[in-house]
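Observations on the three-dimensional arrangement
Residues per chain are reported as follows:
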Amino acid sequence: MTAPVTARTAPGWFTADDCRLEDFRAVVETTTDLAEYPCADEVRGNVLVYGSRLRDSVATPAGRRDVQAELARALADGPGIVVFAGAFPDTGVVDRATAVFQAMIDEQKAAGVVGGDHFATPGANDRVWGALDKFAVRDPEAFAAYYGNDVLALVSEAWLGRGYQVTSQVNVVNPGGQAQVAHRDYHLGFMSEEQALAYPAHVHRLSPVMTLQGAVAHCDMPVETGPTMYLPHSQKYAPGYVAFHQPEFTAYFDAHFVQLPLRKGDAAFFNPALFHGAGTNRSADVRRMANLLQVSSAFGRAMETVDRAAMCRALHPVLRARKAAGAEERTLRNVVAASAEGYAFPTNLDRDQPIGGLAPETQAELAWRALQEDWSPEALDAELTAQAERHTSGH
Ligand SMILES: [Fe+2]
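Residues numbered from 1 in each chain as written. Predicted model: local features only at pLDDT ≥ 70, side-chain atom pairs only at ≥ 80, totals over all residues. Heavy atoms only, no water.

**Quick word on the domain arrangement of the chain**
Stated formally: Delimitation of the domains relies on an automatic or database domain assignment.
Taken as a whole, the chain is organised into domain 1 (16–296) and domain 2 (308–391). A C-alpha centroid distance of 33 Å is found between domain 1 and domain 2.

**Quick notes on the sheet that holds strand 8 (residues 258–259)**
For clarity, the cut-off: Strands are labelled as partners when DSSP assigns at least two bridges between them. Starting at the N terminus, helices and strands are each numbered in turn, a helix being any DSSP run of H or I of at least four residues and a strand any DSSP run of E of at least two.
Strand order across the open sheet formed by 3 strands is 8-7-10, with antiparallel pairing between neighbours. Only two strands of the sheet have a single partner each, and these edge strands are strand 8 and strand 10 (276–277). Both strand 7 (residues 229–230) and strand 8 contribute to a ladder of 2 bridges, which runs antiparallel. Within the sheet, the bridge partner assigned to Tyr230 lies in strand 8 and is Val258.

**Things to note about the coordination of the iron ion**
What counts is decided by this rule: Each metal site is built from N, O and S donor atoms within 2.8 Å (3.2 Å for Na, K and Ca), and since water is not included, such sites may look incomplete.
The protein atoms that coordinate the iron ion are His183 (NE2), Asp185 (OD) and His276 (NE2), at distances spanning 2.2 to 2.4 Å. The motif formed by the donor residues of the iron ion, counted along the single chain, is H-x1-D-x90-H.

**Here we look at the environment of Val58**
Convention followed: Pairs of residues are marked as contacts when any of their non-hydrogen atoms sit within 4.5 Å.
Looking at the secondary structure, you find Val58 in the loop between helix 2 (52–57) and helix 3 (61–76). Each C-alpha atom, one on Val58 and one on Gln68, is 9.0 Å from the other, the two residues being 10 residues apart in sequence. Setting aside chain neighbours within four positions, we find Val58 in contact with Gly63, Arg64, Val67 and Leu154.

**Examining the packing of helix 12 (residues 308–324) against helix 13 (residues 329–339)**
Note the threshold: Comment: axis = line fitted to C-alpha atoms, over the contacting stretch for helices; angle = value between 0 and 180 degrees taken between N-to-C directions. What sets the label is the angle itself: under 35 degrees gives roughly parallel, over 145 gives roughly antiparallel, 65 to 115 gives roughly perpendicular, and the rest give oblique.
Between helix 12 and helix 13, the shortest axis-to-axis distance is 10 Å and the interhelical angle comes to 175°. What the angle tells us is that helix 12 and helix 13 run roughly antiparallel. Taking contact as the criterion, the partners of Arg308, Met311, Leu315, Leu319, Arg322 and Lys323 in helix 12 are, on helix 13, Leu332, Val335, Val336, Ala338 and Ser339.

**A look at the packing of aromatic side chains**
So the rule is basically this: Pairing of aromatic rings covers Phe, Tyr and Trp, the last through its six-membered ring, and needs centres within 6.5 Å; plane angles under 30 degrees mean stacked, over 60 mean edge-to-face, and all others mean tilted. Exposure categories follow from relative accessible area, calculated using a 1.4 Å probe and restricted to protein chains: below 20% of the type maximum is buried, above 50% is exposed, and the middle band is partly exposed.
In this structure the tally under the stated criterion is 21 aromatic pairs. Seen in terms of ring centroids, Phe135 and Phe143 are 5.4 Å apart; in terms of plane orientation they differ by 70°. Their pairing is edge-to-face. In terms of burial, Phe135 and Phe143 fall into one category: buried. Put simply, the rings of Phe88, Phe101, Phe135, Phe143, Tyr146 and Tyr147 pair up and form one aromatic cluster.

**Thoughts on the pattern of salt bridges**
Note that side chains of opposite charge can pair when their charged atoms are close. To keep it simple, the criterion reads: A carboxyl oxygen of Asp or Glu within 4 Å of a side-chain nitrogen of Lys or Arg is what we treat as a salt bridge.
Applying the stated rule across the entire model yields 16 salt bridges. Between Glu42 and Arg44 there is a salt bridge, and its shortest N-O distance comes to 3.2 Å. The class of Glu42 is partly exposed, set by a relative accessible area of 32%. With a closest N to O distance of 2.8 Å, Asp150 and Arg64 form a salt bridge. Placement of Asp150 in helix 7 (residues 150–160) and of Arg64 in helix 3 is noted, with a sequence separation of 86 residues between them. Under the relative-accessibility criterion, Asp150 is labelled partly exposed at 38%. Members of the salt-bridge network, linked through shared partners, are Lys109, Asp126 and Arg287.

**Re unusual backbone geometry**
In this chain, Tyr186 is followed by His187 through a cis amide linkage whose omega measures 5°. Note that the residue after Phe345, namely Pro346, is joined by a cis bond; omega there is 0°. Despite not being glycine, Asn46 shows a phi value in the positive range, around 70°. Tracing the sequence through the fold places Asn46 in the loop between strand 1 (42–44) and strand 2 (47–50). For Asn46, a relative accessible area of 19% gives the class buried. Positioned with a positive phi, His233 is a non-glycine residue whose angle comes to about 75°. Summarising the element assignment, His233 is placed in the loop between strand 7 and helix 10 (240–243). With relative accessibility at 4%, the residue His233 sits in the buried group.

Dropping the structure here:
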């Protein structure tokens, strides 16, 4: 028997053939032991549930650090997901936010906006992209009451350290809304299998510590309303960003996921490498609203700001001339890679929706398209300006 691919034995690059269901099963078919997590109240469906014990433990700075160490261990080496029962003890704070979110959705509908979604048919769900700044600007009092919540800070700092950056998207799955296919999340989880394979194995280990995923339940979510499906411990499977694209892993997930009912004001946080997906809403009349939180590490940024659009404008005529003179494609691509922005995010998902994929076109892709199609400087200028506009968060 060949040894399973683990973080330690992984080669420099993953390949599609590294994904073997028997290795995956050896990782996920394990039981979460409550005794290893002294601050947790219980284990439900192999998931750790935190509540009163946690509140007792965080009262002192030393206790807070111990709790955070335990949470980080649960997210990295344990089930990969933790539920905070009663994260918002005053559900009035949640209701007030719900009213703000609902008003945004109603306005979107009145304006005829159909929100594109990474995974669902447009219109099946209600989405508010970029809900963090929209919320703060529209109702700063309600925002302060909501984001003053310490559970969010506790777990974000536990996973990412200081300087974390919060973003939020409101997701409403209406009755009949269909389940998502199992996936991992941002960064590598937002790529196709081919794109993910272009990143070396150590970056597959890096991606999960760049973000933390969370969801706050804005209504009671019994199982028939389709709360998120999870496969505990699956974040530990090293080639998982490749494997989740493969049908036998999808089938295994569909047969073995757990789905925890949540109450209004509960929150779940999970390692972005955990296999998961929203469930089918089989209820007759519950419009299941969750505030999806994505918290990012402070570290995902360069030290200097760079005016990359100006670089693209200056370089385009030079690259056009070189291309016409027969320059090698690799050389031209290297210049674009060294100058243009190569990543689609952060962006404004209201204006810059991923059409036909998970990510909108990057500046580098735009610059490369302009070169391939031999655009005039004016044409590139206009497209760069339009793209920059789509990235801007405006109200
Ligand atoms: Fe997801």
